[in-house]
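# Descriptive structure summary
Residue strings, one per chain:
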Amino acid sequence: MSRPRIVVTGRIPDAGLELLRDAGDVWAWDDDEPIPAAVRDEQLADADAAVTLLTDRVDDAFLDAAPSIRVVANVAVGYNNIDVDACRRRGVTVTNTPGVLTAATADLAIALVLMATRRLGEGERLVRSGEPWQWGMFMMLGRSINGRRLGLVGMGAIGQAVARRASAFGMEVVYHNRSRVDAALERSLGVSYLPLEELLASSDVVSLHCPYTSETHHLIDATAFERMADDAVLVNTARGPVVDEAALVTALQNGTIAAAGLDVYEDEPAVHPGLLELDNVVLLPHLGSATVETRDAMAELAARNVAAVLAGRAPISPVTG
Ligand code: GLV
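Worth saying up front: this structure is predicted, and the values here are computed from it rather than measured.

### Some points on the site of the ligand
Every residue close to the ligand is listed here: L54, A76, V77, G78, L101, R239, H286 and M298. At 2.8 Å, a backbone N or O of V77 approaches an oxygen atom of the ligand. In isolation the ligand has 190 Å² of accessible area, and contact with the protein removes 90% of it. Looking at side-chain class alone, the shell around the ligand contains five nonpolar, two polar and one charged residues.

Structure representation (structure tokens):
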């Protein structure tokens, strides 16, 4: 019997490629630039499996080019780049990489909380600028997070990991989620549930950890910023379009909120030009899961998902939503 053919649409760590090679014949795009659609479609023509990145759009056009595909393994926990319904209609299994990137992403969210509240981006830019500076009693004062309230929007694995870290920094943690988590988990995390409006109005820092769906599109818009305190900070390590980026620029310019820390953008990799001009926003290039260990683990999990489906077994982390 011929070996299954596996197409990998972008560069992934060797740890994943090695596992994939055990499961079939692998063709991998080996460039940091996105794969051109024509090359991708040519490779997909007789593919049994595809390993995709969050920069790939897996839609009807992708699936039309891949008539024999059985599994799409996204090397990301978020899967808003995949039309899951279209895959389901065609009997294509979709998998993602939950769990293995929880700690790295939660760490980055806390890093952004600290960067935004303590003005660390501004400080770094000052030193690099070569401008003279000297320690000063009132120089570049930020705000303490100890004793302040963190509002988490989304209480999945990453939200929970951020809650644990924030408690260690002395923050009081409240959360909003589609459905309230069970009381035992709330107690063990030391978090309390609030309706979104109340969370926005009462939090010193709001950090987003919800998936991007049609319901969360522009969840944080001009009205949400109006609800927030003028010394509040927004952190987004989830997906860009959860925030209305134009409204965020206006809110930061007008002092409707004090600062923001962003790892993701509405029209990624484009960044709203207004953000680039502001000192009170920290801008990172989508680094949430960017550690060597985490990316290895993500690639391995994606490869194990592919191997399972190709062998007729249940995938480890199927996308069911
Ligand atoms: C990163 O953004 C991911 O969804 O894994």
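### Let's talk about the nonpolar core
Judged by nonpolar contacts, the single largest core of 48 residues is most densely connected at I6, I12, L20 and V51. Two domains each donate at least three residues to this core, and these are domain 1 (5-100 + 292-310) and domain 2 (102-283). Those residues in contact with L20 that lie beyond four places of it in its chain are I6, V8, I12, V26, V51, A303 and V306.

### Thoughts on the domain arrangement of the protein chain
As far as domains go, the protein chain holds domain 1 (5-100 + 292-310) and domain 2 (102-283). When each unit is reduced to the centre of its C-alpha atoms, the spacing between domain 1 and domain 2 is 31 Å. The interface of domain 1 with domain 2 comprises seven residues on the first partner and five residues on the second. For the pair domain 1 and domain 2, the two sides together bury roughly 470 Å², of which 46% comes from carbon and sulfur.

### Observations regarding the environment of A260
With respect to the element layout, A260 can be found in strand β11 (residues 259-262). Along the chain, A260 and V205 lie 55 residues apart, while their C-alpha atoms are 9.1 Å from each other. Discounting residues that sit within four places of it in the chain, A260 has contacts with A116, V233, L234, L248, L252, N280, V281 and V282.

### Some points on the pairing of strand β4 (residues 71-74)
Alternating residues of β4 divide into V71 and A73 and V72 and N74, and every residue in both groups is buried. Here four bridges tie strand β3 (residues 49-52) to β4, and the two strands are oriented parallel to one another. Opposite A49, over in β4, you have V71 as the bridge partner. Judged from the three bridges that link them, β4 and strand β5 (residues 93-95) form a sheet pairing that is parallel. Its bridge partner lying in β5, A73 is registered against T95. Assessed by its sense of winding, the connection that carries the chain from β4 through helix α4 (residues 84-89) to β5 is right-handed.

### Structural notes on the packing of aromatic side chains
Counted under the stated rule, the structure contains one aromatic pair. Ring centres of Y175 and Y193 lie 5.5 Å apart, and the angle between their planes is 75°; this geometry places the pair in the edge-to-face category. With Y175 in strand β7 (residues 172-176) and Y193 in strand β8 (residues 191-193), the pair connects residues that are 18 residues apart, well separated along the chain. The buried category is assigned to Y175, whose relative accessible area is 0%. Looking at Y193, the relative accessible area reads 25%, which means it is partly exposed.

### Things to note about the pattern of salt bridges
Using the criterion set out here, one finds 17 salt bridges in the structure. Here R119 ties to E122 by a salt bridge, and the two come within 3.0 Å at their closest N and O atoms. Taking relative accessible area as the criterion, E122 reaches 16% and is therefore assigned buried. What you see here is one network of salt bridges that share partners, running through R11, D30 and D32.

Criteria and cut-off values
- Residues numbered from 1 in each chain as written.
- Predicted model: local features only at pLDDT ≥ 70, side-chain atom pairs only at ≥ 80, totals over all residues.
- Heavy atoms only, no water.
- Near = heavy atom within 4 Å.
- Polar contact = N/O pair within 3.5 Å; in protein donor to acceptor, adjacent residues only side chain to side chain.
- Areas by Shrake-Rupley, 256 points an atom, 1.4 Å probe, with all protein chains shown as cover.
- Nonpolar A, V, L, I, M, F, W, Y, C, P; charged D, E, K, R; others polar.
- Core = buried A, V, L, I, M, F, W, Y, C linked by side-chain atoms within 4.5 Å.
- Buried < 20%, exposed > 50% of the residue type's maximum accessible area, 1.4 Å probe, protein only.
- Domains from an automatic or database assignment.
- Contact = heavy atoms within 4.5 Å.
- Buried area = accessible area lost by both parts, 1.4 Å probe.
- Helix = DSSP H or I, 4+ residues; strand = E, 2+ residues; numbered from the N terminus.
- Pairing = 2+ DSSP bridges.
- Right-handed = clockwise from strand over helix to strand, strands pointing away.
- Phe/Tyr/Trp six-rings, centres within 6.5 Å; stacked < 30°, edge-to-face > 60°.
- Salt bridge = Lys/Arg side-chain N within 4 Å of Asp/Glu carboxyl O.

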